[in-house]
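Fold and contact review
Here is how the chains run, residue by residue.
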Amino acid sequence: MSDPVIAAAAEIVQQADPAAVQVRSFFDEATFTVTHVLSDPATGKAAIIDSVLDFDPASGRTSTTSADAVIAYVREQGLEVEWLLETHAHADHLSAAPYLQEQLGGRLAIGRHILTVQNVFGKIFNEGTRFARDGSQFDHLFDEGDRFSVGSIPAIALHVPGHTPADMAYVIGDAVFIGDTLFMPDYGSARADFPGGDAHVLYRSVRRLLSLPEASRLFLCHDYKAPGRDTYAWETTVAEQRRSNVHLHDGVNEDDFVAMRKARDATLDMPRLILPSIQVNMRGGHFPEPEENGVSYLKLPLNQL
Ligand SMILES: [Fe+2]
């Protein structure tokens, strides 16, 4: 294989015992987001991938019902959280990572290219010098090919941009957390029209992911059901995606995908929570510095997106 990082990831998948890589998923119906808890039964170590802080935009109030369900599971299973992994700076929900970290510990990590996102949105929100654009809000920044582990389970980080410039996928044993790249086979792929997004780049990232072993378990960040399907779903395999993903099954070429993706993106509204989400998530899930009255505020830039 000419892609050494994918070859290393494939080896991790092949050597894993699926029974020894446990994944429990939590679905937040308000934002259609899935939070995954991966754990190693041999050591009790765990990673939490893409959490949700509940947010009511009308009142500006946050709450922790979604995150508390994850915390209850982690405690009840007696797990020790090593990592809080973000696949990207989400545009449709606020991350609960700081709250989870306070309650459960663990290192908060995202991809190195979050710096690009911080720069782009730092300008859009006219953030002053108090907003550091160096990723220092996170404990760790992953580069393409970085190896890590969850307990005794080996893992590797893949940079899979396109939806945003900073998207990561995490291969942990035979479980692959692919963020917003592909959705379920009957729903297709993530949009590529946010600032820094690129459908060509997304196509190539997906082709890399789909060159992993066919049995790799793929865990998604979102599900919206699909016409004809009544239940939410968030787990599939490389084989299923290659056979039947409506946008990116085997045989779809890059130009046809890009034409389809651009036409479809042109019809999509901005996500309901994009402005609050990005302002919080580019800070690693922290709220902006409080003003002198002790209150944090979010901005609403007019005519920018
Ligand atoms: Fe996203």
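Everything discussed here concerns the structure shown above.
Residues numbered from 1 in each chain as written. Predicted model: local features only at pLDDT ≥ 70, side-chain atom pairs only at ≥ 80, totals over all residues. Heavy atoms only, no water.

**Examining the sheet that holds strand β10 (residues 153-159)**
Spatially, the 6 strands line up as an open sheet ordered β9-β10-β11-β12-β13-β14, and their pairing is mixed. Only two strands of the sheet have a single neighbouring strand rather than two, namely β9 (147-150) and β14 (235-237). Averaged over all pairs of adjacent strands, the angle between their axes in this sheet comes to 30°, without regard to strand direction. Pairing analysis gives 5 bridges linking β10 to strand β11 (residues 168-172), with the strands arranged antiparallel. If you follow Ala155 over to β11, its bridge partner there is Ile172. Along the sheet, helix α1 (residues 4-15) makes contact with β9, β10 and β11, crossing β10 at roughly 150°. (Pairing = 2+ DSSP bridges. Helix = DSSP H or I, 4+ residues; strand = E, 2+ residues; numbered from the N terminus. Axes fitted to C-alpha atoms, helices over the stretch in contact; angles between N-to-C directions. Contact = heavy atoms within 4.5 Å.)

**Regarding the environment of Tyr99**
Mapping Tyr99 onto the fold places it in helix α3 (residues 97-104). Look at Tyr99 and you get partly exposed, because its relative accessible area is 21%. Note: C-alpha distance between Tyr99 and Ala67 (32 residues apart in sequence) is 8.0 Å. Ignoring anything within four residues of it in the chain, the contact list for Tyr99 reads Thr64, Ala67, Asp68 and Ile71. Looking at Tyr99, its side chain comes within polar contact range of the side chain of Asp68, at 2.5 Å. (Buried < 20%, exposed > 50% of the residue type's maximum accessible area, 1.4 Å probe, protein only. Polar contact = N/O pair within 3.5 Å; in protein donor to acceptor, adjacent residues only side chain to side chain.)

**Section: the layout of surface pockets**
Estimated volume of the largest pocket: approximately 520 Å³. If you go around the largest pocket, you meet 25 residues; those closest to its centre are Asp92, Arg191, Tyr224, Asp269 and Pro271. Class assignment for the residues of the lining of the largest pocket results in 12 nonpolar, 6 polar and 7 charged. Computed from the structure, the second largest pocket encloses a volume of approximately 350 Å³. Taken together, 16 residues make up the lining of the second largest pocket; nearest its centre are Glu127, Arg130, Arg283, Pro288 and Glu289. (1 Å grid on protein atoms, 1.4 Å probe; cavity = no way out; pocket = protein on both sides within 12 Å on 5 of 7 lines; lining within 4 Å. Points joined across faces, edges and corners; volume = space filled by probe spheres on them. Nonpolar A, V, L, I, M, F, W, Y, C, P; charged D, E, K, R; others polar.)

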